[in-house]
Amino acid sequence: GRLVDLDELVDAMEIAHRTGVARPQVVHDWRRRHQAFPKPIARIGNVHIWLWPEVEQWARSTGSLVRAETAN
């Protein structure tokens, strides 16, 4: 396994919030439409979990980051 900062773990709702999109469903649309969208690192029940730095990098590189805000 690898060690990660818990603050870097995000679900679709948090990704939507951090990127400034209105609905978490947009995140799932990105997953289906963009092959380069980061793969989830875990799934708990029906909830996918990603590493925020990977998603943020993808969002910045594709112009999908509506709001340039990162959580500390």
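Refer to the structure presented above.
Thresholds, definitions, all that
- Residues numbered from 1 in each chain as written.
- Predicted model: local features only at pLDDT ≥ 70, side-chain atom pairs only at ≥ 80, totals over all residues.
- Heavy atoms only, no water.
- Helix = DSSP H or I, 4+ residues; strand = E, 2+ residues; numbered from the N terminus.
- Rg over C-alpha atoms; globule rule 2.2 N^0.38 Å.
- Buried < 20%, exposed > 50% of the residue type's maximum accessible area, 1.4 Å probe, protein only.
- Contact = heavy atoms within 4.5 Å.
- Areas by Shrake-Rupley, 256 points an atom, 1.4 Å probe, with all protein chains shown as cover.
- Lys, Arg positive; Asp, Glu negative; His and termini not counted.
- Charge placed at Lys NZ, Arg CZ, Asp CG, Glu CD.
- Phe/Tyr/Trp six-rings, centres within 6.5 Å; stacked < 30°, edge-to-face > 60°.
- Lys NZ or Arg CZ within 6 Å of the ring centre and 35° of its normal.
- Pairing = 2+ DSSP bridges.
- Axes fitted to C-alpha atoms, helices over the stretch in contact; angles between N-to-C directions.
- Core = buried A, V, L, I, M, F, W, Y, C linked by side-chain atoms within 4.5 Å.

Draft legend 1. A look at the overall build of the protein chain. In terms of helices and strands, the protein chain carries three helices and three strands. Listing each helix as α and each strand as β along the protein chain from the N terminus yields β-α-α-β-β-α. Relative to a compact globule of 72 residues, whose C-alpha radius of gyration would be 11 Å, the protein chain shows 11 Å and is just as compact. If you line up the protein chain on its principal axes, its C-alpha atoms span 30 × 25 × 20 Å. When each of the 72 residues of the protein chain is scored for burial, the buried share is 33%. Across the protein chain, every contact between residues at least 6 apart in sequence was considered, and the portion connecting residues at least 24 apart equals 48%. With an accessible surface of roughly 4900 Å², the protein chain has 50% of that area assigned to carbon and sulfur atoms. Charged side chains of the protein chain number 10 positive and 9 negative; the gap between the two group centres comes to 10 Å.

Draft legend 2. Spatial organisation of the packing of aromatic side chains. Counted according to the given criterion, the structure contains four aromatic pairs. Measuring from ring centre to ring centre gives 6.2 Å for Trp30 and Phe37, while their planes differ by 40°; the resulting arrangement is tilted. Phe37 matches Trp30 in its accessibility class, with the two residues each being buried. Aromatic rings pair up to connect Trp30, Phe37, Trp50 and Trp58 into one cluster. The aromatic ring of Trp52 is capped on one face by Arg18, whose charged end is 5.2 Å from the ring centroid.

Draft legend 3. View of the sheet that holds strand β3 (residues 47–51). An order of β1-β3-β2 is seen for the three strands of this open sheet, with the pairing classed as antiparallel. Two strands bound the open sheet, and with one partner strand each, they are β1 (9–10) and β2 (42–44). The sheet contact formed by β1 and β3 spans two bridges and is antiparallel. Paired with Val10 across the two strands is Trp50, which belongs to β3. Here helix α3 (residues 52–62) sits on the sheet and contacts β1 and β3; the angle it forms with β3, its principal contact strand, is near 75°.

Draft legend 4. Representation of the nonpolar core. Counting residues in each nonpolar core, the largest one holds 15 residues, and the members touching the most others are Ile15, Val27, Trp30, Phe37, Trp50 and Val55. Those elements giving two or more residues to this core turn out to be α1 (12–19), α2 (25–33) and α3. Here this core takes four residues from α3, the largest share from any one element. Here Phe37 is in contact with Val27, Trp30, Arg31, Trp50, Val55 and Trp58, once residues within four sequence places are set aside.

These figures come from the coordinates and say nothing about function on their own.
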